Amino acid sequence: MAASYGRPVTTIEPGDSTASDDAQSVLDEARAVLDPLEQRAGVDMEALDHARRLLLVHAHPDDETIGTGATMAKYAAEGALVTLVTCTLGEEGEILVPGLEHLAAGRDDALGPHRADELAVAMEALRVTDHRILGGPGRWRDSGMMGLPTNDAPGCFWQADLDQATNELVKIIRDVRPQVVITYDPNGGYGHPDHIQAHRVTVAAVERAGDPTRAPEAGEPWEVAKLYWSAIPKSFLQAAIEAMRDTPNNIFEGVESADDLPMGVTDEQITAQVDATGHLDAKLAAMRAHATQISVDGFFFALSNKLGFQAFGLEHYTLARGEGGAGEGPHGWEPDLFAGLA
């Protein structure tokens, strides 16, 4: 069946949220930032009309922008099909916008639909026209941070049946037919249960999608050429620690070394660096769209000021499956995730 890649696939559109007028005004302000950004007109296309196809699997709205937003914007601008799969609506997230506290899980429990609206605005900023919620909106709920009672809630992603969740992603992989897939490492980057589950589901789905004996109802088999884990070099984290030292609201307070953090890998473990500094306007606009989760006065923007915005346009990956292409620079990192592919 033909798929429409010229508009978002998710069934939650901006304005459908149960949030208040205040919440809608926050979204309108975020969308206003997009006005200077040239938007590509939506057109209906088949996946194979795109020579390069990239699929990313993230746990919650905003995860995609923080870790891979510049990469997404770069490849979308270059004409690649960029497909985002988000596993939950992030219902258990914190709320940083005064006046929107009523959306919280313990009150109106309306944060999920609002974050879906934020995600749609962020995708406009990144020019990503194909974004989907795994299994459909609300199929699996945000599990909350590791160790919280919400980890045991029926219907949360941490408790998802791995076979069912995997088959949902197999359908998307066989529909989109990406050469390159991105998700988290086995620890989910920093140990969040939904990130870990996203890793498990993605690894299993990439394997299953190419097996003609598995899930035949999900479409024709498709072999993913390269699977990457998003990564943060410890050298980058160490620079951040130094940059934030002696600053107000330093989240690295008391941390002297990147080795003491629950995230980050050595530079030797990195295999690719995508230089998307030319697309920082899109990434920053997408970050602003996720207003309930990312404050323009908060850590990420403070860090970008300290390190220089250019650093936020360099995103890093570790090749977990497939053959790497030619590297460059002092580390021999691939400059292109499609390097080595015909």
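Being a predicted model, the structure only gives us computed values, none of them experimental. (Residues numbered from 1 in each chain as written. Predicted model: local features only at pLDDT ≥ 70, side-chain atom pairs only at ≥ 80, totals over all residues. Heavy atoms only, no water.)

Peer 1: For this particular structure, what's the right way to read the overall build of the protein?
Peer 2: For the protein, the helix and strand inventory stands at 8 helices and 7 strands. By residue count, 51% of the 342 residues in the protein fall in the buried class. Here the analysis covers contacts within the protein between residues at least 6 apart in sequence; of these, 80% occur between residues at least 24 apart. Carbon together with sulfur atoms contributes 51% to the accessible area of the protein, which is approximately 14,600 Å² in total. (Helix = DSSP H or I, 4+ residues; strand = E, 2+ residues; numbered from the N terminus. Buried < 20%, exposed > 50% of the residue type's maximum accessible area, 1.4 Å probe, protein only. Contact = heavy atoms within 4.5 Å. Areas by Shrake-Rupley, 256 points an atom, 1.4 Å probe, with all protein chains shown as cover.)

Peer 1: Please explain the sheet that holds strand β7 (residues 314-321) as it appears in this structure.
Peer 2: Pairing between sheet strands relies on hydrogen bonds along the backbone, with the strands arranged either parallel or antiparallel. Reading across from one edge, β3-β2-β1-β4-β5-β7-β6 is the order of the 7 strands in this open sheet, with mixed pairing throughout. Where the open sheet ends on each side, the last strands, each with one partner, are β3 (130-133) and β6 (272-275). Each neighbouring strand pair of the sheet contributes to a mean axis angle of 25 degrees, computed without reference to strand direction. Where strand β5 (residues 226-231) and β7 come together, 5 bridges link them in antiparallel fashion. (Pairing = 2+ DSSP bridges. Axes fitted to C-alpha atoms, helices over the stretch in contact; angles between N-to-C directions.)

Peer 1: How should I be thinking about the packing of aromatic side chains in this particular structure?
Peer 2: Each aromatic ring pair is characterised by the separation of its centres together with the angle its planes make. Taken as a whole, this structure holds 3 aromatic pairs when the rule is applied. Between the aromatic rings of Y228 and Y317, the centroid separation amounts to 6.2 Å while the plane-to-plane angle is 70 degrees, which identifies the pairing as edge-to-face. Taken together, the residues Y228 in strand β5 and Y317 in strand β7 connect sequence positions 89 residues apart. By relative accessible area, which is 0% here, Y317 ends up buried. (Phe/Tyr/Trp six-rings, centres within 6.5 Å; stacked < 30°, edge-to-face > 60°.)

Peer 1: I keep staring at unusual backbone geometry and nothing clicks. Help me out?
Peer 2: A negative phi angle characterises most non-glycine residues, just as the trans form characterises most peptide bonds. Its identity is not glycine, yet R127 carries a phi of approximately 65 degrees, on the positive side. Tracing the chain through its elements places R127 in the loop between α3 (111-126) and β3. R127 sits in the buried class, given a relative accessible area of 18%. In this model, R177 sits at a positive phi of 55 degrees, which is unusual for a non-glycine residue. Position of R177 relative to the elements: it lies in the loop between α4 (162-176) and β4 (180-183). Classification of R177 by relative accessible area gives partly exposed; the value is 26%.

Peer 1: What exactly am I supposed to notice about the nonpolar core here?
Peer 2: Buried together is how nonpolar side chains tend to be arranged in soluble globular proteins. One finds M72, Y75, M123, L126, Y228 and L337 to be the most contacted residues of the largest nonpolar core, which totals 34 residues. Of all elements in the fold, only β1 (53-58), α2 (63-77), β2 (81-86), α3, β4, β6, α7 (280-289) and β7 reach the threshold of two or more residues within this core. The element that contributes the greatest number of residues to this core is α3, accounting for 7 residues. Dropping the residues within four chain positions of it, L126 is found in contact with T65, G69, M72, A73, A76, A282, K283 and A286. L55, V85, A165 and I172 belong to the second largest nonpolar core, which has 28 residues in total. (Core = buried A, V, L, I, M, F, W, Y, C linked by side-chain atoms within 4.5 Å.)

Peer 1: Please clarify how the pairing of β7 should be interpreted in this entry.
Peer 2: Across a regular strand the side chains alternate sides, sitting on one face of the sheet and then on the other. Pairing of β6 with β7 involves 4 bridges; the strand directions are antiparallel. Paired with Q273 across the two strands is H316, which belongs to β7.

Peer 1: Looking at this structure, I do not really get the environment of I182. What am I missing?
Peer 2: The topology assignment puts I182 in strand β4. C-alpha separation for the pair I182 and Y317, spaced 135 residues apart in sequence, amounts to 8.5 Å. Once residues within four sequence positions are removed from consideration, I182 is found in contact with L54, L55, L56, V57, T68, Y228, S230, Y317 and L337.

Peer 1: Would you explain the packing of α4 against helix α5 (residues 193-209) in this entry?
Peer 2: The axes of two packed helices give the description: the angle between them and the distance between them. Direction vectors running N to C along α4 and α5 enclose 55 degrees, while the axes themselves pass 8 Å from each other. Judged on the interaxial angle alone, α5 and α4 are oblique. Where α4 crosses over α5, the two elements pack in a sense that is right-handed. Along its contact with α4, which presents L162, D163, A165, T166, N167, L169, V170, I173 and R174, the element α5 presents Q197, R200, V201, T202, A204, A205, V206, R208 and A209. (Parallel < 35°, antiparallel > 145°, perpendicular 65-115°, else oblique. Left-handed = near helix turned anticlockwise from the far one by under 90°.)

Peer 1: Hey, could you run me through the pattern of salt bridges in this one?
Peer 2: When charged atoms on two side chains of opposite charge get close, those side chains can pair. Enumeration according to the criterion identifies 18 salt bridges in this entry. Among the ionic pairs, E334 bridges to K226, the shortest N-O distance being 2.7 Å. Taken as a pair, E334 in the segment after β7 and K226 in strand β5 lie far apart in primary sequence, 108 residues in all. We classify E334 as buried; its relative accessible area is 3%. (Salt bridge = Lys/Arg side-chain N within 4 Å of Asp/Glu carboxyl O.)

Peer 1: What exactly am I supposed to notice about the side chain of T292 here?
Peer 2: Examined against the element boundaries, T292 turns out to sit in the loop between α7 and α8 (299-307). We classify T292 as buried; its relative accessible area is 0%. Aside from chain neighbours lying at most four places away, what touches T292 is E94, I95, L96, V97, L100, L111, H114, R115 and E118.

Peer 1: Help me out: how do you make sense of the pairing of β1 in this one?
Peer 2: The buried fraction of β1 amounts to 6 of the 6 residues, a majority that puts the element mostly inside the structure. Alternating residues of β1 divide into R53, L55 and V57 and L54, L56 and H58, and every residue in both groups is buried. Sheet topology places β1 next to β2; 6 bridges connect them, and they run parallel. Across the sheet, residue L54 finds its bridge partner in β2, namely V82. The pairing of β1 with β4 spans 3 bridges and is parallel. Bridged to L54 within β4 is V180.

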